[in-house]
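# Geometric and topological summary
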Amino acid sequence: MRESPASGKFHLKSVTSHHLLDSREMLRSLALGGAWLLLWRLAVLMEYAPHASIWFPPAGLSFAAFLILGLRALPVVMLCSLIATFWVDDLYQMQQSWVQLAYTGVLFGAAHSFSYYCGAALLKQLIRRSFSDALPKIILSFLILGTLSSLLAALTGTQVLAGSGLIEPQDAGAIWLPWWIGDMAGTIVLTPLFIGLLSWRYPLIESWLGGLDFQRSGEGMYGFLSKLLISTSLLTLTMLLAAKFRYSEVSFAVFFLIIPQMWIVYTESAFRAALSLAVFSILMAIWVAALSLMDFALVYQFAICVISASAYFGLAVPVLTAHNKQLRELALNDSLTKVASRLYFFEQAKQELARAKRYGHPISLLVFDIDHFKQINDEFGHTAGDKALIAVADTISKGLRQSDILGRFGGDEFLLLLPGTALDKATETAERLRQALQAVKVDGTRHFLSGSFGIVQIEPNEDCQEAFERADECLLKAKKAGRNQIFSDQR
Ligand SMILES: Nc1nc2c(ncn2[C@@H]2O[C@H](COP(=O)(O)OP(=O)(O)OP(=O)(O)O)[C@@H](O)[C@H]2O)c(=O)[nH]1
């Protein structure tokens with residue numbers, strides 16, 4: 001069978017894009033692996049006992065990688081775990097055989113990957129099933145799953161090391177707790193930062209996360225750096241005091257530093273908040289090592305976890321405020337024409353009526369409906385119908401006073417409240433609007449619109465509903481009388 005030139009071209013193009021994809025995958029794997037090993041080496045610098053680091057940043061990277069890339073991250077994490085095992089042997093001069101190290105490395109990698117993959121996969125499922133305003137629930141799930149994954153990683157990891165002779169079996173019982181808290185600190189602090197970094201490549205991640213906006217910039221960079229400087233200076237001060245006095249009570253002062261962190265969370269972008277927590281935690285770990293504060297290491301590990309967890313809940317506040325604003329706008333405005341919704345119109349009308357009664361001012365209500373609107377939909381389609389409704393709202397709005405209120409009752413029926421206007425002036429206004437409507441053409445057609453109007457002046461003993469019913473009856477009469485007319489009810 002002969003291949004057509006077009007199919008040959010397509011084949012060439014698909015092979016090229018396949019190559020591009022392969023090299024991009026390769027670059028991503030290299031970046032992930034490089035970052036993982038770099039963070040792992042950093043964690044070794046922060047060890048306060050063999051295999052017990054103040055915090056373990058690679059755990060956060062593994063969790064984020066499994067969350068975003070799924071099982072595609074597995075070969076890289078496994079390879080890094082293997083390299084790390086050989087590196088440990090070199091750092092601690094343990095001189096184990098290559099076979100033994102390879103065996104330990106694979107087991108360690110499997111335990112680490114299994115623990116973080118399970119947590120990340122479960123979190124992904126929860127996120128997929130969540131609605132867009134579920135950020136607090138997602139954060140809570142992340143904190144619980146991050147904690148459980150790191151516990152599993154610590155329990156299985158210590159067993160692997162004990163089983164392969166890298167640590168004494170009796171040490172496993174002493175190491176699992178600091179291992180767990182160190183992994184947990186790495187996961188809780190760094191996963192959101194890595195997600196933030198990845199969100200530049202994958203913008204969908206933000207909508208997944210219930211609208212958490214990693215790219216919204218807060219104030220200028222100078223403001224953020226000043227806040228970071230204040231927070232890190234206070235951290236340095238509390239740690240210098242702990243080193244000088246060496247009472248555990250002094251080390252607990254670090255918990256007060258949640259205050260500057262929350263200040264950053266509430267006033268800066270989500271990404272800057274995550275970055276500030278990472279800087280804060282790295283500096284804390286460096287000070288623990290530099291000031292020999294190993295006796296209080298657990299206090300600092302707990303502080304990192306508690307401060308980060310609280311800060312992430314804080315991130316949900318601006319998102320929820322934005323959602324509330326959006327919901328309020330949806331409830332108050334008609335989404336198509338942008339005039340007041342029926343609910344908001346009657347709410348406003350009630351207040352205007354109370355004011356009019358109090359000051360003895362007249363107030364009138366108009367109800368109007370487009371004539372033969374169904375035909376417009378049927379002949380020109382619903383999009384043309386929608387455009388006609390928008391044109392009506394725009395035309396009527398242009399002919400009103402600032403104090404008048406225009407609302408959409410539903411379908412092609414609108415409501416208009418004219419405070420300070422008696423029936424005769426309201427009828428004049430309606431006539432002006434009726435004429436203005438006659439000049440509106442359905443977009444892209446030669447069809448001109450027209451409308452029928454019902455008008456009443458609201459009586460002092462009447463409420464909005466009663467006035468509406470009277471105006472609606474007038475509208476019906478206008479329709480029955482042939483449309484494109486105004487009927488009013490004088491009491
Ligand atoms: N395009 C569009 N059509 C709508 C919308 N809401 C309601 N409609 C349609 O508007 C039409 C309203 O028609 P009716 O009120 O029954 O009557 P009419 O054709 O206007 O006739 P008269 O009012 O008696 O002159 C219906 O076909 C509805 O489906 C909307 O938001 N967009």
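Here is what the cut-offs are and how they apply
Residues numbered from 1 in each chain as written. Predicted model: local features only at pLDDT ≥ 70, side-chain atom pairs only at ≥ 80, totals over all residues. Heavy atoms only, no water. UniProt positions renumbered as here; feature names shortened; annotations may be inferred. Phe/Tyr/Trp six-rings, centres within 6.5 Å; stacked < 30°, edge-to-face > 60°. Helix = DSSP H or I, 4+ residues; strand = E, 2+ residues; numbered from the N terminus. Buried < 20%, exposed > 50% of the residue type's maximum accessible area, 1.4 Å probe, protein only. Core = buried A, V, L, I, M, F, W, Y, C linked by side-chain atoms within 4.5 Å. Contact = heavy atoms within 4.5 Å.

Where an unreviewed UniProt entry is consulted, the protein appears under the name diguanylate cyclase, with the organism given as Bowmanella yangjiangensis. Quoted verbatim from the Catalytic activity (unreviewed entry) heading of the UniProt record, the comment on the protein is "2 GTP = 3',3'-c-di-GMP + 2 diphosphate". Note on the protein: under the UniProt heading Subcellular location (unreviewed entry), the record states "Cell membrane".

With that settled, the discussion passes to the packing of aromatic side chains. What the rule picks out here adds up to 13 aromatic pairs. Considering the side-chain rings of Phe 66 and Tyr 117, the 5.7 Å spacing of their centres and the 85° angle between planes classify their relative orientation as edge-to-face. Of the two residues, Phe 66 is situated in helix H2 (residues 57–69) and Tyr 117 in helix H4 (residues 98–129); the sequence distance between them amounts to 51 residues. We classify Tyr 117 as partly exposed; its relative accessible area is 28%. Where Phe 346 meets Phe 468, the ring centres are 6.0 Å apart and the plane angle is 90°; that geometry is what we call edge-to-face. One end of the pair, Phe 346, is in helix H13 (residues 342–359); the other, Phe 468, is in helix H17 (residues 464–480), and 122 residues separate them in sequence.

What follows is about the nonpolar core. Core analysis: the largest hydrophobic core is formed by 91 residues, its most contacted members being Trp 36, Trp 55, Met 239, Met 284, Leu 293 and Tyr 300. Among the elements that take part in this core, helix H6 (residues 169–198) stands out by supplying 13 residues, more than any other. Sequence-distant contacts of Trp 55, that is, excluding residues within four places in its chain, are made with Ala 43, Met 46, Gly 182, Ala 185, Gly 186, Val 189, Leu 190, Ala 278, Ser 281, Ile 282, Ala 285 and Gln 301. Within the second largest apolar cluster, 27 residues are counted, among which are Leu 389, Val 392, Leu 423 and Ala 426.

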